[in-house]
Amino acid sequence: MTEAWNDFFVATAGAAAALAGLIIVAMSVNIAKIIEIPAMPARAAATISSLVLIVVVAAAGLIPGQADVLYGVEVLLLTALALGFAVDAAVRILRHQDAGHGPRALKAAVPVLQVVPFAIGGVLLVLGSSVGLGWLAAGFILVFIGSVVGAWVLLVEILR
């Protein structure tokens with residue numbers, strides 16, 4: 001089932017790895033400020049973990065001859081790890097009263113919501129439905145959007 005998605009997996013794995021590198025560079029440039037803001041290190045970790053989720057899920061999808069059910073299980077296990085980082089960031093964002101822009105609830109929801117399509121996709125793949133791959137694609141796109149916002153926050157917004 002995943003063979004038709006090989007080009008998509010290759011392209012998104014490369015893009016996610018590059019964006020993860022950008023996030024790490026952004027963190028190194030502003031590390032003192034990031035550490036000052038209680039929820040920011042967890043938010044950065046959630047951003048990086050979601051990009052790593054794309055890289056690893058895409059790489060797993062490229063394994064030749066792998067059963068779709070096994071791929072779905074891998075997606076679910078990897079998603080659980082990324083979800084741990086996302087939930088940690090959400091809790092820290094909700095607990096921290098910052099002077100930043102935007103509602104805390106939205107900031108807390110983004111890292112969690114962008115990982116949810118991976119869980120749905122993994123379940124559907126385990127159940128044998130190719131629709132699960134569409135859910136993974138939606139998750140990839142949401143993570144890309146959320147990560148670009150995260151990079152902006154780590155590079156610019158925290159300095160305001």
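The structure this text deals with has already been given above.
Just so we're clear, the structure is a prediction, and the values are computed from it rather than from any experiment.

**Student:** What am I meant to see in the nonpolar core here?
**Tutor:** Where a protein is soluble and globular, its nonpolar side chains tend to be buried together. Core analysis: the biggest nonpolar cluster contains 34 residues, and Leu-51, Val-57, Tyr-71, Phe-118, Leu-136, Phe-140 and Leu-154 have the highest contact counts within it. Of all the secondary structure elements, the ones that give two or more residues to this core are α1 (6–29), α3 (40–61), α4 (68–95), α6 (116–126) and α7 (131–155). At 9 residues, the largest contribution of residues to this core is made by α3. Apart from residues lying up to four places away in sequence, Phe-140 is in contact with Phe-8, Phe-9, Thr-12, Ile-54, Val-57, Ala-58 and Phe-118.

**Student:** How should the side chain of Gln-66 be read in this particular structure?
**Tutor:** Tracing the sequence through the fold places Gln-66 in the loop between α3 and α4. When its relative accessible area of 14% is taken as the criterion, Gln-66 is described as buried. Among the polar contacts made by the side chain of Gln-66, one reaches the main-chain carbonyl oxygen of Ala-60 at a distance of 2.7 Å. If near-sequence neighbours (up to four positions away) are discounted, Gln-66 is found in contact with Ala-60, Tyr-71 and Glu-74.

Conventions and cut-offs
- The residue count restarts for each chain, going from 1 along the sequence in the order it is written.
- Whole-chain, interface and lining totals are the exception, using all residues; otherwise, since this is a predicted model, local features are given only for residues with pLDDT of at least 70 and side-chain atom pairs are given and counted only at 80 or more.
- Processing note: side-chain calculations cover all non-hydrogen atoms of the structure and skip hydrogens and water entirely.
- Among buried residues, those of type Ala, Val, Leu, Ile, Met, Phe, Trp, Tyr and Cys that are joined through side-chain atoms within 4.5 Å constitute a nonpolar core.
- Accessibility here uses a 1.4 Å probe with only protein chains present; expressed as a share of the type maximum, an area under 20% marks a residue as buried, one over 50% as exposed, and anything in between as partly exposed.
- Numbering of helices and strands runs from the N terminus, with a helix taken as a DSSP run of H or I at least four residues long and a strand as a DSSP run of E at least two residues long.
- Contacts are assigned to residue pairs that have any heavy atoms within 4.5 Å of one another.
- Pairing of N or O atoms within 3.5 Å defines a polar contact, subject to two protein rules: one partner must be a possible hydrogen donor and the other a possible acceptor, and residues neighboring in sequence count only if both atoms are side-chain atoms.

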